[in-house]
Amino acid sequence: MRKNFVFGLWSLVFCLSIVGCATRTQTGAGVGALAGAGLGAIIGHQSGHAGEGAAIGAGAGVLTGGLIGHHMDKKDCPVCGRKFSRSKNNCPYDGAELVDQE
Ligand SMILES: [Zn+2]
């Protein structure tokens, strides 16, 4: 049962890493999941529960990675400093061209 869960999680991670190019949020989640799973496996291995540790690490990684990716999905207005989603190209307040957040 636990093996199936871990396998399902890795499938999810794999899917995210393939289609992750679509948005930075998904890329962030995929990267976070991989990093989290790796870290979790190491932690779990040392406590004798590698699969469990990887699953927990991957779950936590998806959450934190998704947050990082979501943060990268914003654009800044260089004039007023407001932040907008990447779907906008110009600031609705002053019309300035939005720039990618670094
Ligand atoms: Zn503005």
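Up top is the structure.
The rules behind the values
- Residues numbered from 1 in each chain as written.
- Predicted model: local features only at pLDDT ≥ 70, side-chain atom pairs only at ≥ 80, totals over all residues.
- Helix = DSSP H or I, 4+ residues; strand = E, 2+ residues; numbered from the N terminus.
- Buried ≥ 20, exposed ≤ 12 C-beta atoms within 10 Å, placed from the backbone.
- Contact = placed C-beta atoms within 7 Å.
- Pairing = 2+ DSSP bridges.
- Core = buried A, V, L, I, M, F, W, Y, C linked by C-beta atoms within 7 Å.

**Some thoughts on the overall build of the chain**
Helix and strand counts for the chain stand at 3 helices and 3 strands. Within the span of the chain, comprising 102 residues, buried residues form 29% of the whole. Excluding contacts between residues fewer than 6 apart, the proportion of contacts in the chain whose partners are at least 24 apart in sequence is 43%.

**Comments concerning the sheet that holds strand S1 (residues 74–76)**
With antiparallel pairing, the 3 strands of this open sheet are ordered in space as S2-S1-S3. Each having just a single partner strand, strand S2 (83–85) and strand S3 (99–100) make up the two edges of the open sheet. Where S1 lies against S3, 2 bridges are found, and the strand directions are antiparallel. Residue Lys 75 lies in a different strand from S3, and its bridge partner there is Asp 100.

**Quick notes on the environment of Ile 43**
Of note, Ile 43 is situated in helix H2 (residues 24–46). For the pair formed by Ile 43 and Gly 53, sequence separation is 10 residues and the distance between their alpha carbons is 6.2 Å. With residues up to four places along the chain from it excluded, the contact list for Ile 43 reads Gly 53 and Gly 57.

**A short note on the nonpolar core**
Listed in full, the 10 residues of the largest apolar core are Ala 29, Val 31, Ala 33, Leu 34, Ala 37, Ala 41, Ala 54, Ala 55, Ala 58 and Val 62. For this core, the secondary-structure elements that each account for two or more residues are H2 and helix H3 (50–72). If near-sequence neighbours (up to four positions away) are discounted, Ala 41 is found in contact with Ala 50, Gly 53, Ala 54 and Gly 57.

**Details of the environment of Ala 58**
When you line up the elements, Ala 58 lands in helix H3. Sequence separation between Ala 58 and Ala 35 is 23 residues; the distance between their C-alpha atoms is 7.4 Å.

These figures come from the coordinates and say nothing about function on their own.
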